[in-house]
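The primary structure of each chain is shown beneath.
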Amino acid sequence: MKKILYSLFLIVSLLFASCDALDLSPEDYYGSGNFWKNTSQVDGYMNGLNTYLRNNYSMFYVLGELRGGNQRIGTSSLNTSLDYSVIRSQLLSKDNTGISNWNGLYSSIMRINLAISEMENGANFLNENEKNYYLGQAYGLRALYYFMLYRTYGGVPIVTKVEILNGKVTAEKFYVERATPQETMNFLKEDIARSESYFGTNITIDKNKWSKYATLMLKAEIHMWAAKVSITDYTATGQTDLSIAKTALNEIIGKFSLLGNFKSIFSASNKENSEIIFTLHFADNEATNWGGMFLYQDAVFINQVYGRNGEKITGDTLNLKGTGGVFRHEYIEDFWKTYDAEDTRRDATFLEYYQSKDNSGKLSGFGCVMLKGVGSVNSNNNHIYDSDVIIYRYADALLMMAECENGLGNPCASYINQIRQRAYGANYSGHEYTEGTYAENELAILHERDKEFVWEGKRWFDVVRMHDANKKSLAFSNGGNYPSTSPLLNQDEAYKLLWPVDASTLNVNPLLEQTPGY
């Protein structure tokens, strides 16, 4: 919480470091009233909020995918140490929390709170359409951060004010207790409803900024979670919230389209394509990401491993030009094998290799690198990691709709098959999905999402949300894990669906309590 307080004093220098229009100290900024005086200032601030979301891009993977059970733990196939072993191994405890300080998300929430306060209580130089559009963005972004926190911790402190504007600052003003899961879910629904209401009929879309379509996707996610996931004092509502999610998705279906070529979705030369709903933009000389940490290093790869054809890989296959970072993230063979050879997503997502070949030519020692963040070569012939980090795309909407329809007792195969038809292309015949039972459909949707959304921050949240035949989380089901011989969590570890709060955060706020079970 002290970090939250500190971040408020730094908000201007951090948010507007590149903005020539602002050169104010924190005291001037909050006290003099020189800011929030014209549209360009507001537009710059809102751009800053989207930039801060980009700065937080790793949260989607860390919170939404690492615990999904489809990645190696400990040492990679290239003998490098892999990151996040405690998180990947489900070994979270009060002493090993995996992340700290709420993953740093409250500083961004505070910035959004300031924008909401200023625009709802002033900024009268904005016309109604401008103000509503900006508030639609602000409420949507705040709901996104709180939804990330809710799925991670359950009930969390709900902070909606910027107390520094309301008088003398004391640390006690920032001691906020954790709301209950029920209160937090109610708050999420209220915030996303406000975002949708403020956007109204405004469907202006810059795919690098929050839009009404992003709000509709998030609304569907929130209500699907509300429908299916019970947390301590919150009981899942079932079809009531699934119907609301379906209504939100119906406003997206048909407004975007699947690209014909899966690989092209992620190409650095094909950004903001027709499948993208909302993405975080990366570019040379602006911002790059950690894609290199999923790729090989020349010294332990070139002339060291074998390709699928049994030949030694003797060149820089991906044209990385020596920029591959220390290999820190690798997916497991059991997951890779769930793709069949005709599924174009396999080779668009992974480059596999082998450590050994025996005298008969048999390959062993599987390894793979993940290709979605491979980036590009710039005009100076340098490899850069400028692949966008996609938050929402149309394939997600289709598979979310399949899940909603399944939960509502309606046919869902047509949505699954739109994804499969793109994945298999000319080889689609024979790969069609046929309607099954509720549990069979649910597992089929999960596995389709697993293959579709590698590196996109979905897997852990999906397996927690989705159900077996008894409406229990697939995190407790063998079929939800890789390999399918044991579950991600045992039933007596149900508390581990949520994360513990680190000791430092608990110590600075006497009102906080630890996540139940830890």
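Everything discussed here concerns the structure shown above.
Note that the coordinates shown come from a computational prediction; the quantities given were computed from them, not determined experimentally.

Each value, and the rule that gives it
Residues numbered from 1 in each chain as written. Predicted model: local features only at pLDDT ≥ 70, side-chain atom pairs only at ≥ 80, totals over all residues. Heavy atoms only, no water. Salt bridge = Lys/Arg side-chain N within 4 Å of Asp/Glu carboxyl O. Helix = DSSP H or I, 4+ residues; strand = E, 2+ residues; numbered from the N terminus. Buried < 20%, exposed > 50% of the residue type's maximum accessible area, 1.4 Å probe, protein only. Polar contact = N/O pair within 3.5 Å; in protein donor to acceptor, adjacent residues only side chain to side chain. Contact = heavy atoms within 4.5 Å. Phe/Tyr/Trp six-rings, centres within 6.5 Å; stacked < 30°, edge-to-face > 60°. 1 Å grid on protein atoms, 1.4 Å probe; cavity = no way out; pocket = protein on both sides within 12 Å on 5 of 7 lines; lining within 4 Å. Points joined across faces, edges and corners; volume = space filled by probe spheres on them. Nonpolar A, V, L, I, M, F, W, Y, C, P; charged D, E, K, R; others polar.

**So, the pattern of salt bridges**
Tallied over the full model, the rule gives 35 salt bridges. One salt bridge connects Asp 462 with Arg 449, and the closest N-O pair in it is separated by 2.7 Å. With Asp 462 in helix 18 (residues 459–465) and Arg 449 in helix 17 (residues 438–452), this pair connects stretches of sequence that are 13 residues apart. Neither Asp 462 nor Arg 449 differs from the other in exposure class; each is buried.

**Remarks on the side chain of Arg 420**
In this fold, Arg 420 is placed in helix 16 (residues 413–424). Since its relative accessible area comes to 17%, Arg 420 is described here as buried. A distance of 3.0 Å separates a polar atom in the side chain of Arg 420 from the backbone oxygen of His 431. Only 2.8 Å separates the side chain of Arg 420 from the side chain of Glu 448, close enough to count as a polar contact. Apart from the residues within four sequence positions on either side, Arg 420 is in contact with Tyr 428, His 431, Glu 432, Tyr 433 and Glu 448.

**Concerning the packing of aromatic side chains**
Overall, the coordinates contain 33 aromatic pairs when judged by the stated rule. Between Phe 147 and Trp 225 the ring centres are 6.2 Å apart and the planes differ by 90°, which places this aromatic pair in the edge-to-face class. One end of the pair, Phe 147, is in helix 8 (residues 128–153); the other, Trp 225, is in helix 10 (residues 212–228), with 78 residues separating them in the sequence. An identical accessibility class is assigned to Phe 147 and Trp 225; each is buried.

**Points about the side chain of Asp 343**
Positionally, Asp 343 belongs in the loop between helix 13 (333–336) and helix 14 (344–349). A polar contact is formed between the side chain of Asp 343 and the side chain of Arg 345, at a distance of 2.9 Å. Not counting residues within four places of it along the chain, the set of residues in contact with Asp 343 comprises Ala 423, Tyr 424 and Lys 451.

**Points about unusual backbone geometry**
In the segment running from Tyr 482 into Pro 483, the intervening peptide bond is cis, with an omega of -5°. Here Pro 483 is to be found in the loop between helix 18 and helix 19 (503–508). Although it is not a glycine, Asn 285 sits at a positive phi angle of roughly 65°. Its identity as a non-glycine residue notwithstanding, Asn 381 has a phi of 65°, on the positive side. Relative to the helices and strands, Asn 381 is located in the loop between strand 4 (376–377) and strand 5 (383–384).

**What about the layout of surface pockets?**
One number sums up the size of the largest pocket: a volume of about 560 Å³. Around the largest pocket sit 28 residues that line it, and Lys 228, Val 229, Ser 230, Ile 231 and Leu 497 are the ones nearest its centre. Those elements giving two or more residues to the lining of the largest pocket turn out to be helix 8, helix 10 and helix 11 (239–250). The element contributing the most residues to the lining of the largest pocket is helix 10, with three residues. Considered class by class, the residues forming the lining of the largest pocket number 15 nonpolar, nine polar and four charged.

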